[in-house]
Protein chains: 2
Amino acid sequence: MPSAQGDPAAPPPRRRPGGRTGRIRAQVLDAVRAELGERGYDGLTLDAVAARAGVHRATVYRRWRDVGGLLADVFEAAGDDDWQPQDTGSLQGDLAALNHESQAALTARPPIVAALIAASFRSEEAACGVRRLWEDRYARCEVIVSRAVRRGELPPHTDARQLLIAATAPLYHQLVLLRTPPDPGLPDHAARTAVLAASAGAFVRSPPVGDGA
Amino acid sequence: MPSAQGDPAAPPPRRRPGGRTGRIRAQVLDAVRAELGERGYDGLTLDAVAARAGVHRATVYRRWRDVGGLLADVFEAAGDDDWQPQDTGSLQGDLAALNHESQAALTARPPIVAALIAASFRSEEAACGVRRLWEDRYARCEVIVSRAVRRGELPPHTDARQLLIAATAPLYHQLVLLRTPPDPGLPDHAARTAVLAASAGAFVRSPPVGDGA
């Protein structure tokens, strides 16, 4: 989730039905995020979520069935927000802003985003949910590349996804997999590295530039 | 673990004591890797490991205590091999070879490396073990950068770690976090991207190039 900051910890989804059903869902998913942030996957139970949300246990069991169901719905809700990447006026600025948001989300206390990523290694539903959410986030971020193409910063045949992955992967690699302490310079540095590589033609799709003739 | 191919699935460590103790350890760790590859973390038990290894349960319980102890020792053993990155004669070739090894390891069946990474989100001992192993692997890979500096492919003040992370992160990001299907072109592409960025000065440490004056 590039800039998953607002995502899993997001306010109740907008396009969902309001009223009592929507309110209960919002309370329950807030409780799931809070429990996960405080206790991690191993401490996540339907009973604790129901108690924290102030919702009948039976409702939680009936509607979400198990921890996997709760996690799937947290990811589903995270994709329902209207998050868009920042428009800073430059490719490097946009990518750096994205990385700063992600770094903030990954290092936030309680560690809700980190716990959701960890949960995706525990539960098949969470794994599906996180996969869809990443896909949605990277798709939304493609506008960063199309804006840069319009400004003439990038050639038209730039592979947006490859560029976005190159710009964002080092941050996740270090914080989630290598588990090194956050490097405050990395969000900007990784953005700059991707821009330098892009300027050198790293993400130009074949047919190279002029596809005619 | 860049090119963790040989690592966790490695032959018994070289610098360990031989004899009966060493043999038992090798059998037990082989069994841990096999159980993990076949059943994942949830299926990993000391009893199953003891049975598979043909070693007394009491020995396994006494020496490794619990699943965390077994996993910690698997990572410890993985760091005891004499793995070195390939020397292909060029920076891009070396980085591509590293990525190909990692891609092969991450997509191998049974998925031992993937299961070890997943286990690092479950067990504190495994998290420590994987952190040390990554550190060791990246340290060994720094020779790739120093060779390239000697050949004149890179300026002397290149930050080896940053370059190595940039070259290897996209592959882990896609396979481990985004969980997209393996892209056969990615190992070479990510290597080429890092080389282009490096040629554009992305990894030059300050003082920029000439540190005199």
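This structure is a prediction, so every number in the text was calculated from the model and none was measured.

*Asks:* Teacher, can you tell me more about the overall build of chain A here?
*Replies:* A count of helical and extended segments in chain A gives 9 helices and 0 strands. When each of the 213 residues of chain A is scored for burial, the buried share is 56%. A separation of at least 24 residues holds for 70% of the contacts in chain A among residues at least 6 apart in sequence.

*Asks:* What is the right way to look at helix H8 (residues 160-178) of chain A in this model?
*Replies:* An α-helix turns once every 3.6 residues. As a result, residues three or four positions apart point the same way. All names here are of chain A. The end-to-end C-alpha separation of H8 is 26 Å, in line with the 27 Å expected for 19 residues at 1.5 Å each. The largest bend along H8 reaches roughly 40° and is located at Thr168, with the proline Pro170 sitting one to four residues downstream. Among the 19 residues of H8, 17 are classified as buried, and the element is accordingly described as predominantly covered. Its side-chain oxygen 3.2 Å from the backbone nitrogen of Arg161, Asp159 forms the N-cap of H8.

*Asks:* So what exactly am I meant to see when it comes to the side chain of B:Glu35 here?
*Replies:* Residues and elements named next belong to chain B. Looking at where Glu35 falls in the secondary structure, it is placed in helix H1 (residues 19-39). On the basis of relative accessible area, Glu35 is assigned to the buried category, the value being 3%. Within the structure, the side chain of Glu35 is placed 2.9 Å from the side chain of Arg52, a separation counted as a polar contact. The contact partners of Glu35, leaving out residues within four places of it in the chain, are Gly40, Gly43, Leu44, Ala48, Val49 and Arg52.

*Asks:* Help me out: how do you make sense of the UniProt feature "DNA-binding region" (unreviewed entry) in chain A in this one?
*Replies:* In this structure's numbering, the residues bearing the UniProt feature "DNA-binding region" (unreviewed entry) are residues 45-64 of chain A. Here residues 45-64 of chain A is 80% helix and 0% strand, with 12 Å between the C-alpha atoms at its ends.

*Asks:* What exactly am I supposed to notice about the interface of chain B and chain A here?
*Replies:* The extent of an interface is frequently quoted as the accessible surface area lost upon association of the parts. Between chain B and chain A, the residue contacts involve 31 residues of the former and 31 residues of the latter. In this assembly, chain B packs against chain A so that about 3,000 Å² is buried in total across both faces, 68% of it on carbon and sulfur atoms. Three residues, B:Phe121, B:Leu177 and B:Arg179, lead the burial of chain B against chain A; their summed loss comes to 24% of the area buried on that side. On the surface where chain B and chain A come into contact, there are 0 salt bridges. On inspection of chain B and its partner chain A, the count reaches 10 residue pairs in polar contact (both at pLDDT 80 or more). Every element with two or more residues in the side of chain B that touches chain A is listed here: helix H6 (112-119), helix H7 (124-150), helix H8 (160-178) and helix H9 (186-199) of chain B.

*Asks:* Explain the relation of the copies chain B and chain A here, please?
*Replies:* Copy one and copy two of the chain differ by a rotation about a common axis and a shift along it. Expressed as a screw transformation, the operator carrying chain B onto chain A has a rotation angle of 180° and an axial translation of 0.0 Å, and the superposed copies differ by an RMSD of 0.0 Å. Taken together, the turn and the small shift mark the pair as related by a two-fold rotation axis. Within chain B, B:Ala197 has its C-alpha nearest the rotation axis, a separation of 2.2 Å.

*Asks:* Explain the nonpolar core here, please?
*Replies:* It is characteristic of soluble globular proteins that their nonpolar side chains tend to be buried jointly. Formed by 136 residues in total, the largest nonpolar core has its most connected members in A:Val28, A:Leu95, B:Val28 and B:Leu95. In this structure, A:Val28 is in contact with A:Val49, A:Ala53, A:Val55, A:Val60, A:Trp64 and A:Leu70, ignoring residues within four places of it in sequence.

*Asks:* I keep staring at the environment of A:His56 and nothing clicks. Help me out?
*Replies:* Here A:His56 shows up in the loop between helix H2 (46-53) and helix H3 (57-64). When its relative accessible area of 64% is taken as the criterion, A:His56 is described as exposed.

*Asks:* How do you make sense of the environment of B:Gly201 when you look at a structure like this?
*Replies:* Following the sequence through the fold, B:Gly201 ends up in the segment after H9. A sequence separation of 46 residues divides B:Gly201 from B:Pro155, and the C-alpha atoms of the two residues are 8.4 Å apart. Sequence-distant contacts of B:Gly201, defined by excluding residues within four places in its chain, comprise A:Arg192 and A:Leu196.

*Asks:* Just to check I follow, could you spell out the packing of aromatic side chains for this structure?
*Replies:* The description of an aromatic ring pair rests on the distance of the ring centres and on the angle between the ring planes. Considering all chains together, one arrives at 5 aromatic pairs over all chains under this definition. Residues A:Trp134 and A:Tyr138 carry aromatic rings whose centres are separated by 6.2 Å and whose planes lie at 20° to one another, so their mutual orientation is stacked. With a gap of 4 residues between them, A:Trp134 and A:Tyr138 both fall in helix H7 (residues 124-150), about one helical turn apart. Classification of A:Trp134 as buried rests on a relative accessible area of 2%. Centre to centre, the rings of B:Trp134 and B:Tyr172 are 4.9 Å apart; their planes meet at 75°, and the pair counts as edge-to-face. Note that B:Trp134 is positioned in helix H7 and B:Tyr172 in helix H8, a separation of 38 residues in sequence. According to the relative accessible area criterion, B:Tyr172 is buried, its value standing at 1%. Among the aromatic residues, those joined into a cluster by ring pairs are A:Trp134, A:Tyr138 and A:Tyr172.

*Asks:* So what exactly am I meant to see when it comes to the pattern of salt bridges here?
*Replies:* Pairs can form between side chains of opposite charge whenever their charged atoms are close. Counted according to the given criterion, the structure contains 40 salt bridges over all chains. Residues joined in a network through salt bridges with shared partners are A:Glu35, A:Glu38, A:Arg39 and A:Arg52.

*Asks:* Looking at this structure, I do not really get the packing of H1(B) against helix H2 (residues 46-53) of chain B. What am I missing?
*Replies:* Between two packed helices, both the angle of their axes relative to each other and the distance between the axes serve to describe the pair. All names here are of chain B. Look at H1 against H2: their axes get within 8 Å of each other, and the N-to-C directions meet at 120°. Taken together, H1 and H2 sit at an angle that is classed as oblique. With respect to the hand of their crossing, H1 and H2 are arranged in right-handed fashion. Here Gln27, Val28, Ala31, Val32, Ala34, Glu35, Glu38 and Arg39 of H1 lie close against H2, whose contacting residues are Ala48, Val49, Arg52 and Ala53. Partitioned by chemical class, the residues of the contact of H1 with H2 number 7 nonpolar, 1 polar and 4 charged.

*Asks:* Just to check I follow, could you spell out unusual backbone geometry for this structure?
*Replies:* Residues apart from glycine generally show negative phi values, whereas peptide bonds are mostly found in trans. Residues and elements named next belong to chain A. With omega at -10°, the peptide bond leading from Arg109 into Pro110 counts as cis. If you trace the backbone, Pro110 turns up in the loop between helix H5 (91-107) and helix H6 (112-119). For Arg65, which is not a glycine, the phi torsion comes out positive at approximately 70°. Secondary-structure assignment places Arg65 in the loop between H3 and helix H4 (67-78). For Arg65, a relative accessible area of 55% corresponds to the exposed category.

So, how was this worked out
- Sequence order as written defines residue numbering, which begins from 1 separately in each chain.
- By the order in which they are written, chains take letters starting at A while ligands take numbers starting at 1.
- Given that the model is predicted, a residue must reach a pLDDT of at least 70 before its local features are reported, and side-chain atom pairs must reach 80 or more before they are shown or counted; all residues, however, enter totals for whole chains, interfaces and linings.
- Neither water nor hydrogens contribute to the side-chain values; these are computed over all heavy atoms in the structure.
- Helix numbers and strand numbers start at the N terminus; a helix is a DSSP run of H or I with at least 4 residues, a strand a run of E with at least 2.
- For every residue, the accessible area (1.4 Å probe, protein chains only) is compared with the maximum for its type, and the residue is labelled buried under 20%, exposed over 50%, or partly exposed between those bounds.
- What makes two residues a contact is simply this: any of their non-hydrogen atoms within 4.5 Å.
- The span one expects for a helix is its residue count, reduced by one, times 1.5 Å.
- What we call the bend at a residue is the angle made by axes fitted to the seven residues finishing there and the seven residues starting there.
- Definition of a polar contact: a pair of N or O atoms within 3.5 Å, with one able to donate and the other able to accept a hydrogen when the atoms are protein atoms, and with sequence-neighbouring residues admitted only if both atoms are side-chain atoms.
- UniProt positions are given in the numbering used here, feature names are shortened, and annotations may be inferred rather than shown by experiment.
- Computed with a 1.4 Å rolling probe, the buried area is the accessible surface lost when two parts are put together, summed over both parts.
- A pair is scored as a salt bridge if a Lys or Arg side-chain nitrogen falls within 4 Å of a carboxyl oxygen belonging to Asp or Glu.
- When the copies are overlaid, the least-squares fit takes in C-alpha atoms only where the residue has pLDDT of at least 70 in both copies.
- Working definition of a nonpolar core: buried Ala, Val, Leu, Ile, Met, Phe, Trp, Tyr and Cys residues. They are joined through side-chain atoms within 4.5 Å.
- Here a pair means two rings of Phe, Tyr or Trp (six-membered ring of Trp) with centres within 6.5 Å. Their orientation is stacked below 30 degrees between planes, edge-to-face above 60, and tilted elsewhere.
- As a rule, the C-alpha atoms of each element are fitted with a line to give its axis, helices using only the stretch in contact, and angles between N-to-C directions run from 0 to 180 degrees.
- Note that the term roughly parallel is reserved for angles under 35 degrees, roughly antiparallel for angles over 145, roughly perpendicular for angles of 65 to 115, and oblique for everything else.
- A crossing counts as left-handed when the near helix is turned anticlockwise from the far one by less than a right angle, and as right-handed when that turn is clockwise.
- Charged residues are taken to be Asp, Glu, Lys and Arg, nonpolar residues to be Ala, Val, Leu, Ile, Met, Phe, Trp, Tyr, Cys and Pro, and polar residues to be all remaining types, Gly included.

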